[in-house]
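# Secondary and tertiary structure notes
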Amino acid sequence: MKTDSNAQISLSIEQAFAHIQQLAASISDFESDIALHQALGRVLAKDIISPISVPPHDNSAMDGYAFHSSAFSGCNDGDGVLELTIIGKALAGMVWRGTVGANECVQITTGAVMPNGCDTVVPSELVAVNGASIRFVHKSLFAGDNRRKAGEDLMQGSVALTRGSVITPAALGLIASLGMPAAHVFKRLRVAYFSTGDEILSFGDAPREGAIYDSNRYTVFGMLTKLGVEIIDLGLVPDSKDALEATFYKACSSADVVITSGGVSVGEADHTKAMMRKMGDVEFWRIAMRPGRPMAVGTLKRTDGSKAVLFGLPGNPVAVMVTFLALVRPALQKMMGANAKPLPMLQAKSLEIIRKKAGRTEYQRGIVSTNSNGELVVAITGNQGSGVLSSMVRANGLIILAHERNDVAVGDVVNVMMFDGAI
Ligand code: AMP
Ligand code: MG
């Protein structure tokens, strides 16, 4: 880490990631018995131990006829045809209580409890029914076929979900399958954010020459919403000392994390950096990455002495999204109490030459697809300028070109961090 005369600290992306992870402490407060409909996207605060086995009984996976596989050995005629007598009917939700003997079977529906003495089900479509008996060729059928074992999904007493799991739709269903209507989840992480810059317009503002609309507040809103945090939108703050001070004060007193965009690069004339310095313990970084070089990271002091974490993102719209994905999102997940779940990284062949300078990590917007040979290939989305938000809209992943690498040739394999679903 080296400090220059502007008090800007130069870091590699890996160093920046490690520093931010260190700063991110998990929330420990949790909320008990949150109803499942409210628990989607929340983070489990305790392991869920299965109070029952799922399914609770051996049951049929098909509509058909249940019997015991020992019948196979009794079948020694050349064509492998088995004939069994139907002695009952087992319906889902209605247990058939008899016992099935040799050369006998019970008609059964999907999900019905396997009758005593049965371990195999022949599907209806494979049998010919003749009055009270069935005939079928048993060649392709094996002992245990079409039977679901008790506990094959979850065994009673086993860990169904671990603390730190994000409750996905599948997890919601799994918790419900245990007969549990609610879950213990960590308190929602509160994140306040605002945009800064005198050249930025809000909807309804009179257009000014050289001014542009605020897009960062909407990309940040979207990315935070996908993450499942509680959002506190503090708007667009003009470049005035008083307005910034009041907003920083409000942000850190109402949130665990404060995210700003703009005003953190070298030579910024506005008051954002000065206010960050005044209100907390903040470092101004120059990260060897593109886009996203300048970033302010640290803590802001509340009046009671406690602290909120600050991420001062660069102003450029693509830089905001890239720094969020690469650095802020993993930190927020840690603070939410969530287990680390990095975005999937694919290797794909580049369809084009990509210019790259050694000495910084570059994040190019890519479109990954499969070519006619079934190989993953990636193209870049045209103009890679850090203000070109349409390049993010068209992309489905970020091509990550490591610090030391130079230009990419056509056919070179590159790493792509897929972001579909995350943003
Ligand atoms: P800065 O980091 O403040 O120097 O800003 C870098 C670039 O990002 C400038 O071109 C700004 O106009 C632009 N920018 C800053 N904030 C926003 C915003 N909220 N929405 C869109 N562009 C922004
Ligand atoms: Mg600025």
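Residues numbered from 1 in each chain as written. Chains lettered and ligands numbered in written order. Predicted model: local features only at pLDDT ≥ 70, side-chain atom pairs only at ≥ 80, totals over all residues. Heavy atoms only, no water.

### Here's the deal with the pairing of strand S22 (residues 294–301)
A regular strand places its side chains so that they alternate between the two faces of the sheet. The buried fraction of S22 amounts to seven of the eight residues, a majority that puts the element mostly inside the structure. Where strand S20 (residues 280–287) meets S22, seven bridges bridge the pair, whose relative direction is antiparallel. Bridge pairing links Glu 283 to Val 297 in S22. One ladder, built from six bridges, connects S22 with strand S23 (residues 307–313); its direction is antiparallel. Looking at S23, one finds that Lys 301 is bridged to Lys 307. The turn linking S22 back onto S23 is made up of five residues, and Gly 305 within it adopts a positive phi angle of 95°. (Buried < 20%, exposed > 50% of the residue type's maximum accessible area, 1.4 Å probe, protein only. Helix = DSSP H or I, 4+ residues; strand = E, 2+ residues; numbered from the N terminus. Pairing = 2+ DSSP bridges.)

### What about the pattern of salt bridges?
This structure, assessed with the given rule, holds eleven salt bridges. Linking Asp 214 and Arg 217 is a salt bridge whose minimum nitrogen-to-oxygen distance equals 2.9 Å. The same class applies to Asp 214 as to Arg 217, namely buried. Here Arg 217 and Asp 233 are joined by a salt bridge, their closest N and O atoms 3.0 Å apart. (Salt bridge = Lys/Arg side-chain N within 4 Å of Asp/Glu carboxyl O.)

### Considering the packing of aromatic side chains
Enumeration over the complete set of coordinates arrives at five aromatic pairs. Each ring, one from Phe 67 and one from Phe 72, has its centre 5.7 Å from the other, and the planes form 80°; the classification is edge-to-face. Exposure class is identical for Phe 67 and Phe 72. Each is buried. Taken together, a centroid distance of 5.1 Å and an interplanar angle of 75° make the contact between Phe 194 and Phe 248 edge-to-face. Residue Phe 194 is found in strand S15 (residues 190–196), and its partner Phe 248 is found in helix H5 (residues 241–254); the two are separated by 54 residues along the sequence. Judged by relative accessible area, which is 2%, Phe 194 ranks as buried. You can call Phe 248 buried: its relative accessible area is 0%. A network of ring pairs unites the aromatic residues Phe 67, Phe 72 and Phe 136 as a single cluster. It is Lys 273 that lies over the ring of Phe 284; its NZ or CZ is 5.2 Å from the centre. (Phe/Tyr/Trp six-rings, centres within 6.5 Å; stacked < 30°, edge-to-face > 60°. Lys NZ or Arg CZ within 6 Å of the ring centre and 35° of its normal.)

### Here we look at the domain arrangement of the protein chain
By domain assignment, the protein chain separates into domain 1 (8–30 + 187–335), domain 2 (33–53 + 163–186), domain 3 (59–148) and domain 4 (345–418). With six residues of domain 1 at the interface, the matching set in domain 2 holds six residues. Across the domain 1 to domain 2 interface the summed buried area is about 510 Å²; carbon plus sulfur atoms make up 58%. When the buried surface of domain 1 facing domain 2 is broken down by residue, Phe 30, Lys 187 and Arg 188 rank first, second and third, together holding 76% of it. (Domains from an automatic or database assignment. Contact = heavy atoms within 4.5 Å. Buried area = accessible area lost by both parts, 1.4 Å probe.)

### Some thoughts on the sheet that holds strand S8 (residues 104–108)
With respect to topology, six strands assemble into an open sheet ordered S9-S6-S8-S7-S11-S10, the strand pairing being mixed. Unpaired on one side and paired on the other, strand S9 (120–123) and strand S10 (128–130) mark the two borders of the sheet. Neighbour to neighbour, the strand axes of the sheet diverge by 40° on average, direction disregarded. The pairing of S10 with strand S11 (residues 133–137) spans three bridges and is classified as antiparallel. Bridge pairing links Ala 128 to Arg 135 in S11. (Axes fitted to C-alpha atoms, helices over the stretch in contact; angles between N-to-C directions.)

### Thoughts on the pairing of strand S7 (residues 81–90)
Two elements, S7 and S11, share five bridges in a ladder whose sense is antiparallel. Within S11, the residue paired with Val 81 across the bridge is Val 137. Bridge count between S7 and S8: four bridges; the pairing is parallel. By the bridge assignment, Thr 85 is partnered in S8 with Glu 104.

### What about helix H7 (residues 317–335)?
Structurally, the α-helix is built with 3.6 residues per turn, so residues lying three or four positions apart point the same way. Where H7 bends most, at Phe 324, the angle is about 50°. Looking at the residues trailing H7, positive phi occurs at Gly 337, about 90°. (Bend = angle between axes of the 7 residues up to and from the residue.)

### What to know about the site of ligand 1
As a matter of local geometry, ligand 1 sits amid 17 residues, with Glu 199, Asp 214, Gly 263, Glu 268 and Gly 315 nearest to it. Between ligand 1 and Asp 214 there is a distance of 2.7 Å, counted from a nitrogen atom to a side-chain nitrogen or oxygen. Between ligand 1 and Asn 316, the relevant distance is 3.1 Å, taken from an oxygen atom to a main-chain nitrogen or oxygen of the residue. Within the complex, the protein chains bury 81% of what would otherwise be the 480 Å² of accessible surface of ligand 1. Those elements that place two or more of their residues in the shell around ligand 1 are S15 and strand S17 (212–213). Among the residues forming the shell around ligand 1, the class breakdown is four nonpolar, ten polar and three charged. (Near = heavy atom within 4 Å. Polar contact = N/O pair within 3.5 Å; in protein donor to acceptor, adjacent residues only side chain to side chain. Areas by Shrake-Rupley, 256 points an atom, 1.4 Å probe, with all protein chains shown as cover. Nonpolar A, V, L, I, M, F, W, Y, C, P; charged D, E, K, R; others polar.)

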